[in-house]
Amino acid sequence: MFSLTKLPRPFLDRGEGIYFYDETGKRYIDGSSGAMVSNIGHSNPRVLAKMKAQMDRSTFGYRLHFRTHASEDLATKIAEMMPEGLDRVFFVSGGSEAVESCIKLARQYALAKGEDSRWKVISRFPSYHGSTLGTLALTGYDPLARPFDPMLRDMPKIAAPRTYLDRDNLTEEERGLKYAELLRDKILEEGPETVAAFIMEPVGGASTGALVAPDSYFKRIREICDEFGILLIFDEVMTGAGRTGKFVASEHYGVIPDIVSMSKGLAAGYAPLGAMVAKGEIVEAVEAHGGFLHGYTYSGNPLACAAGLAVLEEMQEQGIIENAAKMGDLLKARLTALMERYHFIGDVRGKGLLLAFEFVSDRDTMRPLPKEWNAYLELVELAYERGLIIYSRRTRGGSEGDHFLVCPPLIITAKQIDELMAILTEALDAFAANHALPVLE
Ligand code: PMP
């Protein structure tokens, strides 16, 4: 039995590249980029200098009183880096605000088109879309949502492909199509005239442990949304800004959504920043219908936008997204190789540097380890003690299972992957020893 007795954590002294140092001088590899945030690593001097330059001029200017170069230049940069047509940007301070903005834009677009009956946003389980009441209504993770039932207007949900758990004879492509049809069925069940949008994470995040859907899923989802005039929203709060080896994960699939939410890696922890990016025709229709009824005091904050712009410039100048793709392949191969040594690792998955592995008692049935072991906490502690930070959850959405996200900053090198793997292997050995699980040499 394991408990969280080691908390509270030490005080953080400083960050540097992929490392953190606590006040005692102990070093940690940031193997999860915090909460999949610090895409360009810590304390980048060029980013700090650009933020300082902005601070010297102004840290705040209310968006109804002034335009700022920081926010306009960042919007232009994002539009340049986004897939074709996604060129209107609305800034917020975080991921939940970004998703909330997407929901409200989808609803207002329906109103602008005279389709007042459309208000539902179909989402998936498992999923995570944020902690505000609006985004929680989309989130397919009961422990977080159910306590708020009386206050939520829960949205219709379909199962996301958890293909590694499926024991059938379908090909990957057939399985993708099977799961996509669930969207069509749900739209018909709800009534197409009531549905404004469908939202999904293109690669699953913390609630699923980096679940990747078959390629066929994406194309079919797009077709189904088009068939019924429903907007397709990609929640790229975690996957965006290079995390999966492309600027946004939709680029892997050749499918362009109508609206995208981003945050986390966008300002990479240098400032609180998020963005909603939408197709021009959607924003224009809403503007022609009286304007977007939504906004936050800090929308377009110049310091946050200067940080975001500096981060994206750094990504382009240093080839950081290309590095994420390359190092992602390397790290995934190294994690996959662990399956030979530890039979309690049942699955390794993900894209780019959004990677995860999952524990099982038995690979054939994918039965999880005993719940009372609290393996998801124990391994994190064993790694933390040894100077490696990873991220974990005990959930597969509908059922339970311990998964671990390994998502270092996108600047990681091959040598640093060796360091990370050495500590992770020590921690896994210690975990196996604690539970008398076999380790194969
Ligand atoms: N959407 C997704 C896909 C996320 O991963 C998160 C954060 N984990 C959010 C939304 C919410 O972001 P925030 O915590 O910044 O509000």
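Residues numbered from 1 in each chain as written. Predicted model: local features only at pLDDT ≥ 70, side-chain atom pairs only at ≥ 80, totals over all residues.

Participant: I'm lost on the overall build of the protein chain in this one. Help?
Facilitator: What the protein chain contains, in helices and strands, is 13 helices and 15 strands. Relative to its length of 441 residues, the protein chain is compact, with a C-alpha radius of gyration of 22 Å against a globular reference of 22 Å. Taking all 441 residues of the protein chain together, the buried fraction comes to 52%. In the protein chain, the proportion of contacts linking residues at least 24 apart, taken out of those at least 6 apart, comes to 74%. (Helix = DSSP H or I, 4+ residues; strand = E, 2+ residues; numbered from the N terminus. Rg over C-alpha atoms; globule rule 2.2 N^0.38 Å. Buried ≥ 20, exposed ≤ 12 C-beta atoms within 10 Å, placed from the backbone. Contact = placed C-beta atoms within 7 Å.)

Participant: Looking at this structure, how should I read the domain arrangement of the protein chain?
Facilitator: Assigned domains of the protein chain: these are domain 1 (12-43 + 319-434) and domain 2 (45-317). Between the C-alpha centres of domain 1 and domain 2 the distance comes to 26 Å. On the domain 2 side, the residues contacting the 32 residues of domain 1 number 34 residues. Those elements that provide at least two residues to the side of domain 1 that touches domain 2 are helix 1 (33-36), helix 11 (320-341), strand 11 (345-351), strand 12 (354-359), strand 14 (391-394) and strand 15 (402-406). Of all the elements, helix 11 adds the most residues to the side of domain 1 that touches domain 2, at five residues. Tallied by class, the residues present in the side of domain 1 that touches domain 2 amount to 15 nonpolar, eleven polar and six charged. (Domains from an automatic or database assignment. Nonpolar A, V, L, I, M, F, W, Y, C, P; charged D, E, K, R; others polar.)

Participant: Is there a simple way to explain the site of the ligand in this structure?
Facilitator: Taken together, 16 residues are adjacent to the ligand, and Gly-94, Gly-95, Ser-96, Val-237 and Met-238 come closest. For the shell around the ligand, the leading source of residues is helix 4 (residues 95-112), giving three residues. (Near = placed C-beta within 6 Å.)

Participant: For this particular structure, what's the right way to read the nonpolar core?
Facilitator: The nonpolar side chains of soluble globular proteins are, as a tendency, buried together. Among the nonpolar cores identified, the biggest contains 136 residues, and Ala-106, Ala-275, Ala-307 and Val-311 are the most heavily contacted of them. The greatest single-element share of this core, amounting to ten residues, is contributed by helix 10 (residues 302-317). A domain-level breakdown of this core finds at least three residues from each of domain 1 (12-43 + 319-434) and domain 2 (45-317). (Core = buried A, V, L, I, M, F, W, Y, C linked by C-beta atoms within 7 Å.)

Participant: I would appreciate a short explanation of the confidence of the model for the protein chain in the present structure.
Facilitator: Close inspection of predicted coordinates is inappropriate for parts of the model with low pLDDT. With 98% of its residues at a pLDDT of at least 70, the protein chain reaches an overall mean of 95. Note on residues 1-5: pLDDT under 50 across the span, and six contacts to partners over four residues away in sequence or across chains. Predicted complex metrics record ipTM = 0.99 and pTM = 0.97. (pLDDT = per-residue confidence, 0-100.)

Participant: Whenever I open this one, unusual backbone geometry confuses me. Can you help?
Facilitator: In most cases, non-glycine residues show a negative phi, while peptide bonds are predominantly trans. Phe-125 connects to Pro-126 through a cis peptide bond whose omega is -5°. Unusually for a residue other than glycine, Ala-210 sits at a positive phi of about 55°. For Ala-210, the position within the fold is in the loop between strand 7 (195-200) and helix 8 (215-228). The class for Ala-210 is buried, based on 31 C-beta atoms found within 10 Å. Despite not being glycine, Met-366 has its phi angle at roughly 60°, a positive value. Relative to the helices and strands, Met-366 is located in the loop between strand 12 and helix 12 (375-385). Judged by the 19 C-beta atoms lying within 10 Å of it, Met-366 is partly exposed.

Participant: Would you take a moment to explain the packing of helix 12 against helix 13 (residues 414-434) for this structure?
Facilitator: To describe two helices that pack against each other, one gives the angle between their axes and the distance between the axes. At a minimum axis separation of 9 Å, helix 12 and helix 13 run at an interaxial angle of 130°. Relative to helix 13, the element helix 12 lies oblique. Remark: the crossing between helix 12 and helix 13 carries right-handed chirality. Of the residues in helix 13, those in contact with Glu-378, Leu-379, Leu-382 and Ala-383 of helix 12 are Ile-423, Leu-424, Ala-427, Ala-430 and Phe-431. Class assignment of the residues belonging to the contact of helix 12 with helix 13 gives a composition of eight nonpolar, no polar and one charged. (Axes fitted to C-alpha atoms, helices over the stretch in contact; angles between N-to-C directions. Parallel < 35°, antiparallel > 145°, perpendicular 65-115°, else oblique. Left-handed = near helix turned anticlockwise from the far one by under 90°.)

Participant: How should I be thinking about the pairing of strand 5 (residues 120-125) in this particular structure?
Facilitator: Looking down a regular strand, the side chains alternate between one sheet face and the other. Counting buried residues along strand 5, five of its six residues qualify, which places the element largely inside the surrounding structure. As paired strands, strand 5 and strand 7 are joined by three bridges and run parallel to one another. In the sheet register, Val-121 faces strand 7, and the bridge partner there is Ala-197. Both strand 5 and strand 6 (residues 157-159) contribute to a ladder of three bridges, which runs parallel. If you follow Ser-123 over to strand 6, its bridge partner there is Lys-157. (Pairing = 2+ DSSP bridges.)

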